[in-house]
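Observations on the model geometry
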Amino acid sequence: MKMSDLQLCTHCQSEVPKKATVCAYCRRDLNHKWYKKIQFSTVVTFLPFVLFVGYLKGWFEPEFSNYQDDFKTTQVNMLKIPDVQGNRLIFKIENTSDVKWENLSYELVSTKDNNIVEVEAGNQRAWVIQPQSASYLMVDSLNDVNGASWQLNIKNLEVPLF
Ligand SMILES: [Zn+2]
């Protein structure tokens, strides 16, 4: 037997074949690395489970951070809310990606003379935008500052699970 086919038993230091799992001299288990004990059949059994969990957890889904440049947001309307101090804003959001998105998280920033006068974060779970299309979003702003302007920043979108 060649030297390269041999290993030293971790218990009695005897030379035993590399493929041996039990030492021929002291009969104790040979200290193999844990990952060498994983059998192919085990991997095949658990792979579908791992893939299913990955699917549910969105490991294979597109991340919005990689698609941010595919979105364009423009304010199309502003209405006074009757009897309430504030404004109702309508934004048009265009999606030039080939992906359908939902569950919008946004940040509404209101400025006047380069000063931020209001920041409001929100989430619209039912909001959906199809690939290569546009959707509208209605957001209420409590800020009633004369001459203020608003900017809607999309913070996150998700890909539908099914
Ligand atoms: Zn031994």
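Our structure's up above, just so we're on the same page.
Keep in mind that this is a model prediction, so the values were computed, not measured.

With that settled, the discussion passes to helix 1 (residues 40-56). Over its 17 residues, helix 1 extends 25 Å from the first C-alpha to the last, a length consistent with the 24 Å expected when each residue adds 1.5 Å. At Phe46, helix 1 shows its largest kink, close to 35°, and the proline Pro48 lies no more than four residues downstream. In the stretch just after helix 1, Gly58 is the one whose phi turns positive, near 75°.

This part takes up the sheet that holds strand 8 (residues 149-158). Each strand in a sheet pairs with its neighbour through backbone hydrogen bonds, running either in the same direction (parallel) or in the opposite one (antiparallel). Reading across the sheet, the 3 strands line up as 6-5-8 and stay open at both edges, with antiparallel pairing between neighbours. The sheet is open, and its two edges are formed by strand 6 (115-129) and strand 8, each paired on a single side. Neighbour to neighbour, the strand axes of the sheet diverge by 20° on average, direction disregarded. Note that strand 5 (residues 101-112) and strand 8 share 8 bridges and pair antiparallel. Within the sheet, the bridge partner assigned to Ser105 lies in strand 8 and is Asn156.

What counts and how
Residues numbered from 1 in each chain as written. Predicted model: local features only at pLDDT ≥ 70, side-chain atom pairs only at ≥ 80, totals over all residues. Heavy atoms only, no water. Helix = DSSP H or I, 4+ residues; strand = E, 2+ residues; numbered from the N terminus. Expected span 1.5 Å × (residues − 1). Bend = angle between axes of the 7 residues up to and from the residue. Pairing = 2+ DSSP bridges. Axes fitted to C-alpha atoms, helices over the stretch in contact; angles between N-to-C directions.

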